[in-house]
Each structure stands twice: as C-alpha cells, then as structure tokens.
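Tertiary structure, described
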Amino acid sequence: TWLKIILPEARRNQSRAVIVGHISPSVGSFRHTQLWKTEYIQRYYEIVGQFNDVVMGQLFGHIHTDEFRLVDGADKRGMNDVVGNGGGGIVAVYTPILLG
C-alpha cells in the first residue's frame, strides 16, 4: 500500500508525517456505526503502529459535527497524540464554513 512505501521513506529521511483523511477509522456520530470495515481498521493500525516515531498526528473529518475524540494509545496502536509522544490521541473534527 501507499503508506507502506511512504512511511519507511519518511523514517529513512528522519522526517515526520501527519496523516490526513476524510473518513476516520472510528464510529460515526449520527448512526453510531463503524465507518470502516473491521479488516481495514486492523490493517491500518498495523501499518501506522509500526511508525509511532514517524506519524505525529492523524486528522480526519466526515462526521459533520464539532468534536474532539481522545483515543487511548494503549488500545489503538499508531494513534499518537499531537506532539507525538506515543500516548493517547486527539483527533479534531470540524466542518468548515465555506465563505463566498
């Protein structure tokens, strides 16, 4: 996959990454259903979890509400917090207002 190419390259270059996506590997706010298939969530966390030293944050949208989601780093490998110390994660979700 693309991540399996880019993240090792970032590590070799001593770079850091922020993953930005539209639909998060989580549960939706309205229907309270899982937004990704379980197999995709597991694979995503397997890949990202190998690069805690590279991935400094993960930002997702889609859910059309203003909320922050905290993710326990012990339960979800690869969900670093904003400063990248390997603890819990903060995912900011905001629907922007389009002007003009």
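Below you will find a few notes about this structure. A quick note: this is a predicted structure, and the numbers were derived from the prediction, not measured. (Residues numbered from 1 in each chain as written. Predicted model: local features only at pLDDT ≥ 70, side-chain atom pairs only at ≥ 80, totals over all residues. Heavy atoms only, no water.)

Counting 14 residues, the largest nonpolar core has L3, L7, I19, Y44, V48, V54 and V55 as the members making the most contacts within it. At the level of elements, α1 (2-12), β1 (17-23), α2 (38-49) and β2 (55-61) are the ones that each hand at least two residues to this core. Ranked by residues supplied to this core, first place goes to α2 with 5 residues. Beyond its immediate sequence surroundings of up to four residues, Y44 is in contact with L3, I19, P25, W36, Q58 and F60. (Core = buried A, V, L, I, M, F, W, Y, C linked by side-chain atoms within 4.5 Å. Buried < 20%, exposed > 50% of the residue type's maximum accessible area, 1.4 Å probe, protein only. Helix = DSSP H or I, 4+ residues; strand = E, 2+ residues; numbered from the N terminus. Contact = heavy atoms within 4.5 Å.)

With that settled, the discussion passes to α2. Over its 12 residues, α2 runs 16 Å from end to end, which matches the ideal 16 Å to within 8%, given 1.5 Å per residue. Residues of α2 that are buried include every one of I41, Y44, Y45, I47, V48 and G49, and no others. On the buried face of α2, the contacting elements are α1, β1 and β2. (Expected span 1.5 Å × (residues − 1).)

Further remarks concern α1. Taken together, the buried positions of α1 are occupied by L3, L7 and A10. Each buried residue of α1 sits inside an arc of 60° when the element is viewed along its axis, so together they form one side. Relative to its buried face, α1 has exposed residues pointing more than 90 degrees away, namely I5 and R12. Those residues of α1 that are buried lie in contact with β1, α2 and β2. Phi turns positive, to about 55°, at Q14, one or two residues after α1. (Arc of directions from axis to C-beta.)

This next bit is on the packing of aromatic side chains. Inspection of the entire model under this criterion finds 3 aromatic pairs. Members of the aromatic cluster, joined through ring pairs, are W36, Y44, Y45 and F60. (Phe/Tyr/Trp six-rings, centres within 6.5 Å; stacked < 30°, edge-to-face > 60°.)

With that out of the way, let us pick up the pairing of β1. Across 6 bridges, the pairing between β1 and β2 is parallel. Bridging across to β2, I19 finds its partner in Q58. At this point the chain moves from β1, through α2, to the parallel β2, and the crossover so formed is right-handed. (Pairing = 2+ DSSP bridges. Right-handed = clockwise from strand over helix to strand, strands pointing away.)

All we've got here are geometric facts, nothing functional implied.
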